[in-house]
Amino acid sequence: MNKPCTDTKSIAVIGNYLPRLCGIATFTADLVGSLSSPDSPHNCWAVAMNDKPEGYAYPDKVHFEINQKSLRDYSLAADFLNINQVDVVCVQHEYGIFGGPAGSHILKLLSELRMPVVTTLHTVLAEPTDEYRTVMVRLAELSDRLIVMSHKAIDLLQSVYAINPLKIVYIPHGIPDMPFVDPSYYKEKFGVLGKKMILTFGLLSKNKGIETALHALHKVVKQFPDVTYIVLGATHPHVLKHEGDAYRLRLRQLVQKLGLEKHVLFQNRFVSLQELTEYLSAADIYITPYDDVAQITSGTLAYAMGTGKPVVSTPYWYAEEMLADGRGLLVPFKDVPAMSDALIELLANDDKRHSIRKLAYDYCRDAVWEKVGTRYLEVFEEVKAERSHNPHPYRSLPSDLPETVLSQDLPLLKLDHLLTMTDDTGIFQHAKYNIPDRNHGYCTDDNARALIVAAEAHNLLAEPPERNEQLCDRYLAFLLHAFDVESGRFRNFMGYDRRWLETVGSEDSHGRALWGLGAAVNLLRDSRQLPMLSTLFKQALPTAEIFLSPRAIAFTLVGIDAYLTTIPGDSEARRTGLALAQRLFQQFTDHTTEDWPWPESIVAYDNAKLPQALIVSGQQLQDEAMSRAGLSSLKWLFDVQCESGHFVPIGNVGWYRQGKSRARFDQQPLEAQAMIDACISAYQFSQDRAWLRRAIIAFNWFLGHNDLNLPLYDAKTGGCRDGLESNGVNENQGAESSLAWLMSLARLHRFAADALLVAKPDNKRSQNSAVKET
């Protein structure tokens, strides 16, 4: 079997968990164990369901507990799973372990999750009431896959519940990997050496049909007086709570009535896995005399067959399937003579008994937990990959949002998070949630963007002017320190200890620094910072003349355009702009085809900056062909990234290679920001208001009009989350993302203030009305 890839790092399994006494608790613990071996790259843990307020003494693998009756606990669990950015949630479903009518409380939890959900069904009803049918259908809707442990369950899900068969996966019930041993090996330990041992195990309750087995044994012992029947297992906790041990007492009384005291042994306890395997190994025959046909799975039967036991069973659904083709003997429900005959047949015929046990053992080898765990991981990888191509929205949004957002008030340009992320050196690169992460220090890329935001704030926010001035000074000082006069290059990465981590930064970081400086020259044209801004811009510009990276060229060209808007007479800047614009235009010309109007064989990051650079440079140089090429390329790029009226940025997990499928996730805020800037430049060139609508669509991506209908803008902090992933938003609010949001918002505020982007031409508002917190 091929090993699954390891993209799925974190897995949470919801269900009962040991030491709670029930079959699902054992199954959940075994599944978690199979998914988290010491050498596994997967972090698998459990969310445990409690049937009593105080819960249980769980092991470390349980990270969260839910009181099954408390609806609030289900929402808290969803928050916990979302915050911990779990990759996949696997639910162990049995109606009775969840609160609410028909166990419906679990639906609230699942409806609030942002990651894929795989649900293992331990019960599938053939004749459900409306209540149970509704829960199952909704459970299927909220699950990316339904795992079943029998083919009968597949038939029922399709015929009774009309569930898409593509959503259903068969994986056998997991079993321990036990050796095929002679029963005599362990018999001495249980006092049955030299005897034939029949075994039943599991939590004791009325529907287990033990009475039928005892009546059948009465005839068996007459022919085989050396037979011992062991009934292993504690009374089910819920039965014990409501009825006490009355059922076990009745069974003991039946044993006395039938004169079987020397042949029947009740072991009233929940044994460890090791002891259970020893009991199973010692058994000559395993018996499951259940009364009810509607049992879709049985862990006890799976364990018995996996140990190589010949089984006598009633024909409940799971037994019919597992014991087919000679792997065991089936007898009618409550048919004592038939059960006696089957037991006698096996006890009398060693060859048949050994043949059946070998067939059963071989059949179950694919069900050992190692293989079952691998199959689960394959399913997890499948659903995670599917989410990356077919995202699930998490809430509804008004269908008219793209048309109306700018006839409403824009959010306030709120700098709280920017200030939190900034110290006396500059802005930190990364954050853990909304707290600065000092481990990654600073970079020129982000401080250049931050300079643009501070310069925008200087013009848009009247108060407090001193703060905005100080921010401009701080980010400009960082760029000044980053510039190495001797090499003419900017360094990029700096540690928290203020030591540069490199001698020369990338072409991209140099281009972004020039973009930030040029934009600040334009925005701060009347400020005291202008001399330093223009001087540093002029010092750094000559190096850019040799750039080949199309993005570095594009950043530089956008910076040159802004600079020349303020200082149009600078012929040196104009000459550099001409050379770079022609180089970028040539890259477009050399690579562009009718269906791929792009200068590279891959659409990667900061994409809209490239056509924007052609548009603005063509205007500066009065080269309409250049601007038209940029406009055509931008139109293509926007169409590639717009589906059903919302913006879908190229994902950075694989990007978009020519001739290949585009990556859907992770979607980055800088793509929306670049598109907004470019669309406004396209409008300024063409005066086509369709570009304004495209800018609005890109902007609304931040507000939640995206694949998942989740906002990336955080109104509490004024920051922006780090990206849209297939299972939700990345909750970190790093510099790049927050600055992309602030730059986008500031750009729209400037245009709204000039009445260029209001929904109706006669609806002109002042900056005071536009800059209003929503």
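Right above here is the structure, for reference.
Peer 1: Help me understand the pairing of strand S8 (residues 196-201) in this model?
Peer 2: For S8, the buried fraction is high: five of the six residues fall into the buried class. Pairing of S8 with strand S9 (residues 227-232), which is carried by six bridges, proceeds in the parallel orientation. Each residue of the ladder has a partner; that of Ile 198, found in S9, is Tyr 229. Handedness of the crossover joining S8 and S9 through helix H7 (residues 210-223): right-handed. Pairing geometry for S8 and strand S11 (residues 285-288), over two bridges, is parallel. The partner of Leu 199 across the bridge, within S11, is Tyr 286.

Peer 1: I tried to follow the pattern of salt bridges on my own but got confused; where do I start?
Peer 2: Under the defined criterion, the tally for this structure stands at 39 salt bridges. A salt bridge links Glu 278 to Lys 189; its shortest N-O distance comes to 2.4 Å. Highlighted residues: Glu 278 in helix H10 (residues 273-282) and Lys 189 in the loop between helix H6 (184-187) and S8, separated in sequence by 89 residues. You can call Lys 189 exposed: its relative accessible area is 54%.

Peer 1: What should I look at first to understand the packing of aromatic side chains in this one?
Peer 2: The geometry of two aromatic rings is summed up by the distance between their centres and the angle between their planes. Enumeration over the complete set of coordinates arrives at 29 aromatic pairs. Taking the centre distance of 6.4 Å and the plane angle of 20° together, the rings of Phe 638 and Phe 647 count as stacked. The class of Phe 647 is buried, set by a relative accessible area of 0%. Taken together through their ring pairs, the aromatic side chains of Phe 428, Tyr 442, Phe 478, Tyr 496 and Trp 500 make up a single cluster. In this arrangement the basic side chain of Arg 357 is found over the ring face of Phe 180, its NZ or CZ atom lying 4.1 Å from the centre.

Peer 1: Sorry, what's going on with the side chain of Gln 667 here?
Peer 2: Checked against the element boundaries, Gln 667 lands in the loop between strand S22 (656-657) and helix H26 (669-686). What makes Gln 667 buried here is its relative accessible area of 0%. Among the polar contacts made by the side chain of Gln 667, one reaches the main-chain carbonyl oxygen of Arg 664 at a distance of 3.1 Å. A polar contact is formed between the side chain of Gln 667 and the side chain of Trp 701, at a distance of 2.9 Å. Excluding anything up to four places from it in sequence, Gln 667 contacts Phe 647, Val 648, Pro 649, Gly 651, Trp 701, Asp 707, Gly 723 and Leu 724.

Peer 1: Sorry, what's going on with helix H1 (residues 23-35) here?
Peer 2: Structural remark: α-helix, 3.6 residues per turn; residues separated by three or four positions point the same way. The terminal C-alpha atoms of H1 lie 18 Å apart, and with 13 residues this matches the ideal 18 Å at 1.5 Å per residue to within 8%. On its buried side, H1 packs onto strand S1 (10-15), strand S2 (43-50), strand S4 (88-93), strand S5 (117-121), helix H11 (299-306) and helix H15 (369-389).

Peer 1: Just to check I follow, could you spell out the packing of H1 against H15 for this structure?
Peer 2: Angle between the axes and distance between the axes are the two parameters that describe a pair of packed helices. Two elements in contact, H1 and H15, have axes whose closest approach is 8 Å; the angle formed by their N-to-C orientations is 80°. Accordingly, the angle class assigned to the pair H1 and H15 is roughly perpendicular. Contacts between H1 and H15 involve Phe 27, Asp 30, Leu 31, Ser 34 and Leu 35 from the former and Trp 369, Gly 373, Tyr 376, Leu 377 and Phe 380 from the latter. Of the residues in the contact of H1 with H15, the class split is seven nonpolar, two polar and one charged.

Reading the values: the criteria
Residues numbered from 1 in each chain as written. Predicted model: local features only at pLDDT ≥ 70, side-chain atom pairs only at ≥ 80, totals over all residues. Heavy atoms only, no water. Buried < 20%, exposed > 50% of the residue type's maximum accessible area, 1.4 Å probe, protein only. Helix = DSSP H or I, 4+ residues; strand = E, 2+ residues; numbered from the N terminus. Pairing = 2+ DSSP bridges. Right-handed = clockwise from strand over helix to strand, strands pointing away. Salt bridge = Lys/Arg side-chain N within 4 Å of Asp/Glu carboxyl O. Phe/Tyr/Trp six-rings, centres within 6.5 Å; stacked < 30°, edge-to-face > 60°. Lys NZ or Arg CZ within 6 Å of the ring centre and 35° of its normal. Polar contact = N/O pair within 3.5 Å; in protein donor to acceptor, adjacent residues only side chain to side chain. Contact = heavy atoms within 4.5 Å. Expected span 1.5 Å × (residues − 1). Axes fitted to C-alpha atoms, helices over the stretch in contact; angles between N-to-C directions. Parallel < 35°, antiparallel > 145°, perpendicular 65-115°, else oblique. Nonpolar A, V, L, I, M, F, W, Y, C, P; charged D, E, K, R; others polar.

The analysis is restricted to geometry; functional conclusions fall outside its scope.
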